[in-house]
Amino acid sequence: MDYNNRPSTPPPFYSGGSSSSLTTQVNAVMRKVYVRMFIGLLISAFCALGIATSPAAISFFFGNQIVFWGMLIAMFVMAWVLPARFERMSQGTVLLCFCIFSALMGCWLAPIFLVYKLGTIVYTLFITAGTFGAMSVYGYFTKSDLSKMGSYLMMGLFGLIILMIVNIFAHSSTIEWIVSIVGVVLFIGLTAWDTQQIRRMSQANLDPAMSDKLATIGAMNLYLDFINLFIFLLRIFGGSRD
């Protein structure tokens with residue numbers, strides 16, 4: 001599921017520097033985005049593996065309703081508050097919050113190692129990485145304005161969430177299949193859209209502190225796109241251990 005609260009993209013305003021200096025600025029931000037996203041994924045992977053291999057940890061996180069719901073609520077709150085308040089926070093606080101969020105997400109994803117075969121998880125991970133990489137490259141280099149597409153994608157995302165809630169009560173395998181297909185399509189599109197939004201925001205005349213915080217928020221958005229794409233693909237390709 002997606003917890004993104006994507007702030008609207010302000011129109012970039014330029015400092016009047018050369019195009020080469022602007023390119024350097026954008027590249028510097030994007031490098032930080034991808035490095036921090038990768039670090040977030042590593043944190044999640046280690047947390048998920050650590051919990052999945054410990055019966056005591058599984059019992060603590062998923063056998064205790066207070067801990068389980070507290071973890072889920074904390075992720076929702078952080079994912080909505082952090083993008084909205086990051087300008088008022090320090091660089092270190094924003095990065096720390098993202099790392100904590102990644103750890104919580106890893107804890108929440110731990111059961112996939114108990115439900116799916118390891119080979120299936122690795123196979124799906126490679127598919128996710130390839131798809132994500134291709135769409136992120138497209139979003140970075142395309143000259144097309146994806147803003148209108150982003151509006152439709154966000155509407156589709158809300159519809160997807162409603163459909164998922166309905167299926168909690170309906171328990172329909174058909175609806176679950178539709179949700180998985182639609183989820184993959186939506187997050188493929190959101191990956192390209194988010195990449196373009198981050199690139200555009202990095203073109204603004206930002207001070208170093210704001211640029212660093214923007215890189216962390218951008219990493220969080222792309223991290224969520226990757227995680228959601230992986231989950232929906234796993235539901236399509238994954239066969240349970242049974």
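Thresholds, definitions, all that
Residues numbered from 1 in each chain as written. Predicted model: local features only at pLDDT ≥ 70, side-chain atom pairs only at ≥ 80, totals over all residues. Heavy atoms only, no water. Helix = DSSP H or I, 4+ residues; strand = E, 2+ residues; numbered from the N terminus. Rg over C-alpha atoms; globule rule 2.2 N^0.38 Å. Buried < 20%, exposed > 50% of the residue type's maximum accessible area, 1.4 Å probe, protein only. Contact = heavy atoms within 4.5 Å. Areas by Shrake-Rupley, 256 points an atom, 1.4 Å probe, with all protein chains shown as cover. Lys, Arg positive; Asp, Glu negative; His and termini not counted. Charge placed at Lys NZ, Arg CZ, Asp CG, Glu CD. Axes fitted to C-alpha atoms, helices over the stretch in contact; angles between N-to-C directions. Parallel < 35°, antiparallel > 145°, perpendicular 65-115°, else oblique. Left-handed = near helix turned anticlockwise from the far one by under 90°. Nonpolar A, V, L, I, M, F, W, Y, C, P; charged D, E, K, R; others polar. Expected span 1.5 Å × (residues − 1). Polar contact = N/O pair within 3.5 Å; in protein donor to acceptor, adjacent residues only side chain to side chain. Phe/Tyr/Trp six-rings, centres within 6.5 Å; stacked < 30°, edge-to-face > 60°. Lys NZ or Arg CZ within 6 Å of the ring centre and 35° of its normal. 1 Å grid on protein atoms, 1.4 Å probe; cavity = no way out; pocket = protein on both sides within 12 Å on 5 of 7 lines; lining within 4 Å. Points joined across faces, edges and corners; volume = space filled by probe spheres on them. Patch = residues over 30% accessible without salt bridge, like charges linked within 9 Å, V, L, I, M, F, W, Y side chains within 5 Å. Salt bridge = Lys/Arg side-chain N within 4 Å of Asp/Glu carboxyl O. Core = buried A, V, L, I, M, F, W, Y, C linked by side-chain atoms within 4.5 Å.

Caption draft 1: Layout of the overall build of the chain. Of regular secondary structure, the chain possesses 9 helices and 0 strands. Reading the secondary structure of the chain in the N-to-C direction produces α-α-α-α-α-α-α-α-α. Taken against the 2.2 N^0.38 rule, which gives 18 Å for 242 residues, the C-alpha radius of gyration of the chain at 18 Å falls within 12% of a compact globule. Dimensions of the chain, computed from C-alpha atoms along their principal axes, come out at roughly 60 × 35 × 30 Å. For the chain, the proportion of its 242 residues judged to be buried stands at 43%. Contacts in the chain between residues far apart in sequence, at least 24 positions, make up 87% of those at least 6 positions apart. For the chain, the exposed surface amounts to about 12,300 Å²; the carbon and sulfur share of it is 70%. Taking the 14 positively charged and 9 negatively charged side chains of the chain as two groups, their mean positions are separated by 4 Å.

Caption draft 2: Structural view of the packing of helix α6 (residues 118–141) against helix α8 (residues 173–202). Orientation of α6 relative to α8, taken along the N-to-C sense of each, is 40°, at an axis distance of 7 Å. Between α6 and α8, the angle falls in the class oblique. Of the two possible hands of crossing, α6 and α8 adopt the one that is right-handed. Between α6 and α8, the residues in contact are Thr 131, Phe 132, Met 135, Ser 136, Tyr 138, Gly 139 and Tyr 140 and Ile 188, Thr 191, Ala 192, Thr 195, Gln 196 and Arg 199, respectively.

Caption draft 3: Layout of the packing of α8 against helix α9 (residues 208–237). For the pair α8 and α9, the least separation of the axes is 8 Å and the interaxial angle reads 160°. Considering the angle they form, α8 stands roughly antiparallel to α9. The hand of the α8/α9 crossing is left-handed. Tallied by class, residues from the contact of α8 with α9 come to 15 nonpolar, 8 polar and 4 charged.

Caption draft 4: Looking closely at α8. Relative to the 44 Å expected for 30 residues at 1.5 Å per residue, α8 spans 43 Å between its end C-alpha atoms, a close match to the ideal helical length. The backbone nitrogen of Thr 174 has a side-chain oxygen 3.3 Å away, supplied by the residue at the start of α8, namely Ser 172.

Caption draft 5: Focus on the packing of aromatic side chains. For the coordinates displayed, the defined rule picks out 9 aromatic pairs. Measuring from centroid to centroid gives 6.0 Å for Phe 187 and Phe 232, while their planes differ by 20°, and the two rings are stacked. Of the two residues, Phe 187 is situated in helix α8 and Phe 232 in helix α9; the sequence distance between them amounts to 45 residues. According to the relative accessible area criterion, Phe 232 is buried, its value standing at 1%. Feature note: the residues Phe 62, Phe 68 and Trp 69 constitute an aromatic cluster, connected by ring pairs. Positioned above the aromatic ring of Tyr 140 is the side chain of Arg 199, whose terminal nitrogen or guanidinium carbon lies 4.9 Å from the ring centre.

Caption draft 6: Inspection of the layout of surface pockets at higher detail. Each pocket or cavity is described by its volume, and for the second largest pocket that value is around 480 Å³. Forming the boundary of the second largest pocket are 20 residues, of which Leu 41, Leu 42, Ala 45, Leu 125 and Phe 226 lie nearest the centre. Counting residues per element, the ones that place at least two in the lining of the second largest pocket are α1 (19–52), α5 (112–115), α6 and α9. If one sorts the elements of the lining of the second largest pocket by residue count, α1 sits on top with 9 residues. Taken together, the residues that form the lining of the second largest pocket break down as 19 nonpolar, 1 polar and no charged.

Caption draft 7: Geometry of a nonpolar patch on the surface. On the surface, a nonpolar cluster with roughly 560 Å² of combined accessible area is contributed by Trp 69, Ile 73, Phe 76, Val 77, Trp 80 and Val 81. In this structure, Val 77 sits in helix α3 (residues 65–85).

Caption draft 8: Broad picture of the nonpolar core. The biggest cluster of nonpolar side chains holds 66 residues, and the ones touching the most others in it are Met 37, Phe 101, Met 105 and Tyr 223. In terms of residues, this core owes the most to one element, α9, which gives 16 residues. Setting aside residues no more than four positions away along its own chain, Tyr 223 makes contact with Met 37, Gly 40, Leu 41, Ser 44, Phe 98, Phe 101, Ser 102 and Met 105.

Caption draft 9: Representation of unusual backbone geometry in the model. A positive phi angle, close to 55°, is found at His 171, a residue other than glycine. Here His 171 lies in the loop between α7 (147–170) and α8.

Caption draft 10: How the structure looks around the pattern of salt bridges. Under the counting rule described, the total for this entry stands at 4 salt bridges. The partner of Lys 32 in a salt bridge is Asp 212, with the nearest N and O atoms 3.4 Å apart. Residue Lys 32 is found in helix α1, and its partner Asp 212 is found in helix α9; the two are separated by 180 residues along the sequence. For Lys 32, a relative accessible area of 33% puts it in the partly exposed group. For the salt bridge of Asp 212 with Arg 36, the shortest nitrogen-to-oxygen distance reads 2.6 Å.

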